[in-house]
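As a plain string of letters, each chain reads:
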Amino acid sequence: MTARPGLPSFDYVRASALDEVTRLLEEHGDEARLLMGGTDLFVRMRDGFIHPQIVVDVKHLPGMRDILYDEQTGLTVGAAATMNEVARHPAVQTHYPLLAEAANSVASYQVRNRATLGGNLCNGSPAADTAPATLLLEGRIVLYGQNGEREVSANEFFLGPGATAMQAGELMTAIRFPVPPAGSAGRYLKLGRNKAGDLAIAGVAVFGFPDGTTSGYHFRIGLASVAPVPLRALEAEEVLAANPPGDETFALAAEKAMEAASPIDDVRASAAYRKAMVRNLTLRGLREVWAQMS
Ligand SMILES: Cc1cc2nc3c(=O)[nH]c(=O)nc-3n(C[C@H](O)[C@H](O)[C@H](O)COP(=O)(O)OP(=O)(O)OC[C@H]3O[C@@H](n4cnc5c(N)ncnc54)[C@H](O)[C@@H]3O)c2cc1C
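Reading the values: the criteria
- Each chain carries its own residue numbering, running from 1 in the written order of its sequence.
- Given that the model is predicted, a residue must reach a pLDDT of at least 70 before its local features are reported, and side-chain atom pairs must reach 80 or more before they are shown or counted; all residues, however, enter totals for whole chains, interfaces and linings.
- Side-chain numbers here rest on the full set of heavy atoms in the structure, without hydrogens or water.
- Only the contacting stretch of a helix is used when fitting its axis, a line to C-alpha atoms as for every element, and angles between N-to-C directions run 0 to 180 degrees.
- By definition, any uninterrupted DSSP run of H or I lasting at least four residues is a helix, any uninterrupted run of E lasting at least two residues is a strand, and each is numbered from the N terminus.
- Any angle that falls under 35 degrees is termed roughly parallel, while one over 145 is termed roughly antiparallel, one within 65 to 115 roughly perpendicular, and all others oblique.
- In this scheme the handedness of a crossing depends on how the near helix is turned from the far one: anticlockwise by less than a right angle means left-handed, clockwise means right-handed.
- Here, residues are in contact when the closest pair of their heavy atoms is within 4.5 Å.
- Only Asp, Glu, Lys and Arg are considered charged, only Ala, Val, Leu, Ile, Met, Phe, Trp, Tyr, Cys and Pro nonpolar, and every remaining residue, Gly among them, polar.
- Using a grid of 1 Å spacing that covers the protein atoms alone, one calls a set of points a cavity when a 1.4 Å probe fits there but cannot get out, and a pocket when the set is open and has protein on both sides within 12 Å along at least five of seven lines; lining residues are those with an atom within 4 Å of a point.
- Grid points are joined across faces, edges and corners, and a volume is the space filled by probe spheres set on the points.
- Residue ranges labeled as domains rest on an automatic or database domain assignment.
- By definition, two strands form a pair when at least two bridges between them are found by DSSP.
- By nonpolar core is meant a set of buried Ala, Val, Leu, Ile, Met, Phe, Trp, Tyr and Cys residues that side-chain atoms within 4.5 Å join together.
- Residue exposure (1.4 Å probe, protein chains only): buried if accessible area is under 20% of the type maximum, exposed if over 50%, otherwise partly exposed.
- Salt bridge criterion: a side-chain nitrogen from Lys or Arg within 4 Å of a carboxyl oxygen from Asp or Glu.
- The term buried area means the drop in 1.4 Å probe accessible area that two parts suffer when joined, counted for both and summed.
- Two N or O atoms form a polar contact when they lie within 3.5 Å of each other; inside protein one atom must be a possible hydrogen donor and the other a possible acceptor, and for residues adjacent in sequence the pair counts only when both atoms belong to side chains.

This part takes up the packing of helix α10 (residues 234–242) against helix α11 (residues 247–260). When two helices pack together, their arrangement is given by the angle between their axes and by how far apart the axes lie. Between α10 and α11, whose axes approach to 7 Å, the crossing angle comes to 165°. Relative to α11, α10 is oriented roughly antiparallel. Like other packed secondary-structure pairs, α10 and α11 cross with a definite hand, here right-handed. Residues Glu235, Ala236, Val239 and Leu240 of α10 lie in contact with α11, whose contacting residues are Thr249, Phe250, Leu252, Ala253, Lys256 and Ala257. Here the contact of α10 with α11 is composed, by residue class, of 7 nonpolar, 1 polar and 2 charged.

Okay, structure coming up:
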């Protein structure tokens with residue numbers, strides 16, 4: 001591979017108010033790009049995929065790095081909170097260990113000091129490691145634009161590879177999570193080519209909690225890197241709601257999760273291998289979450 005050239009030149013603006021950002025986005029359109037950790041943005045600029053004239057740094061805006069927990073309303077994570085800040089925050093570790101585990105699975109420690117939760121979701125990458133946890137924990141994405149603030153549920157946020165419900169002129173300011181159900185447990189199992197920090201070949205999140213359904217328990221399953229978008233394996237969840245928890249049900253649900261995956265072949269793995277790994281990781285995740293709950 002030939003050496004990559006450095007970054008092209010661009011104007012840098014360190015924004016200090018939300019309306020300054022929306023004004024710049026309106027003025028410059030596609031020529032402006034927002035910056036938080038830069039671990040995706042600068043790679044794409046270096047590789048020549050995008051050539052913004054102006055880069056607007058939004059991570060110093062008020063509240064963008066706050067992580068706040070309230071017993072009634074839940075967790076608010078500023079979009080520019082880094083993966084390491086999320087993963088080691090006491091409230092996240094105590095009440096949202098699935099999110100802490102997912103944040104901690106991204107790349108390497110060094111990259112996690114820069115990479116932000118918001119940046120991971122903004123990309124709309126099917127491989128975003130924090131996306132399945134955000135789906136299962138019923139995260140709501142907070143967006144700010146010319147008409148003020150709006151919220152989009154994580155379920156409606158991911159539209160396709162690189163495409164999200166964010167509109168031109170908007171920025172992400174935070175991710176809000178409701179208080180998790182009592183007695184819940186979760187795991188994020190990621191398979192990469194190495195343990196030192198690679199994008200997922202397949203990622204499976206499992207989240208469970210006791211409830212009043214036929215089985216007495218409710219399970220949610222989220223998948224990364226095995227479809228055009230991060231997604232929930234809803235048919236697998238139905239199997240788990242309708243049958244008593246245990247290995248037989250878990251094996252059936254793992255098959256259904258595998259069927260929900262529609263991966264591609266790429267440099268990291270073949271589609272067939274990815275599908276098989278979804279089944280294996282789902283089965284393992286269900287067993288581990290069940291062991292934590294029972
Ligand atoms: C070596 C390496 C390893 C990696 N490994 C992983 C991995 O294992 N798992 C994984 O999921 N990812 C991985 N990544 C990808 C990346 O680190 C993550 O997606 C990261 O969370 C992105 O966050 P960021 O703050 O760096 O985003 P940035 O690069 O700052 O921004 C990402 C995108 O969002 C836009 N943007 C920035 N801020 C906003 C905002 N407030 N509102 C709207 N749009 C905005 C930017 O213009 C850009 O398009 C890796 C990257 C590298 C370089």
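What follows concerns the layout of surface pockets. There is about 360 Å³ of room inside the second largest pocket. In this structure, the second largest pocket is lined by 17 residues; those nearest its centre are Lys190, Leu191, Gly192, Asn194 and Lys195. Contributions of two or more residues to the lining of the second largest pocket are made by α5 (97–104), β11 (185–191) and α12 (271–293). The leading source of residues in the lining of the second largest pocket is β11, at 5 residues. When grouped by side-chain class, the residues that make up the lining of the second largest pocket number 5 nonpolar, 5 polar and 7 charged. Built from parts of two domains, the lining of the second largest pocket gets at least three residues from each of domain 2 (67–177) and domain 3 (185–293).

Another point: the sheet that holds strand β13 (residues 217–224). In spatial order, the strands read β11-β12-β13-β14; together these 4 strands make up an open sheet with antiparallel pairing. Only two strands of the sheet have a single partner each, and these edge strands are β11 and β14 (231–232). Those strands touched by α10 are β13 and β14, and its axis lies near 160° from that of β13.

What follows covers the nonpolar core. Of all hydrophobic cores here, the largest spans 56 residues; its most connected members are Val86, Leu99, Leu121 and Phe157. When residues of this core are assigned to their parent elements, the largest contribution, 5 residues, is made by α5. The next biggest cluster of nonpolar side chains, apart from the first, holds 27 residues, and it includes Ala185, Phe219, Val239 and Ala257.

A side chain of one charge can pair with a side chain of the opposite charge if their charged atoms are brought near each other. Evaluation of the coordinates by the stated rule reveals 21 salt bridges. Arginine 150 is the salt-bridge partner of glutamate 170, the closest N and O atoms lying 2.7 Å from each other. Placement of glutamate 170 in the loop between β9 (163–164) and β10 (171–177) and of arginine 150 in strand β7 (residues 148–153) is noted, with a sequence separation of 20 residues between them. On the accessibility criterion, arginine 150 (29% relative accessible area) is partly exposed. A salt bridge links glutamate 288 to arginine 284, with the nearest nitrogen and oxygen atoms 3.6 Å apart. Taken together, the residues span about one helical turn, with glutamate 288 and arginine 284 both in helix α12 at a distance of 4 residues. A residue is classified by how much of its surface remains accessible, and glutamate 288, at 26% relative accessible area, is partly exposed.

Moving on to the domain arrangement of the protein. Looking at the protein, the domain boundaries give domain 1 (11–57), domain 2 (67–177) and domain 3 (185–293). Centre-to-centre separation of domain 2 and domain 3, based on C-alpha positions: 20 Å. Contacts between the two partners involve 24 residues from domain 2 and, on the opposite side, 25 residues from domain 3. Roughly 1800 Å² of surface becomes buried between domain 2 and domain 3 when both sides are summed, with 64% attributable to carbon and sulfur atoms. Contact with domain 3 buries surface across domain 2, with Glu101, Pro126 and Leu136 losing the most and accounting together for 32% of the total. Here domain 2 is connected to domain 3 by 3 salt bridges. Of the charged contacts, one joins arginine 220 and glutamate 138 as a salt bridge, the two residues approaching to 3.4 Å between their closest N and O atoms. Between domain 2 and domain 3 we count 8 residue pairs in polar contact (both at pLDDT 80 or more) in total. Only α5, α8 (131–136) and β8 (158–160) provide two or more residues apiece to the side of domain 2 that touches domain 3. It is α8 that contributes the most residues to the side of domain 2 that touches domain 3, 5 residues altogether.

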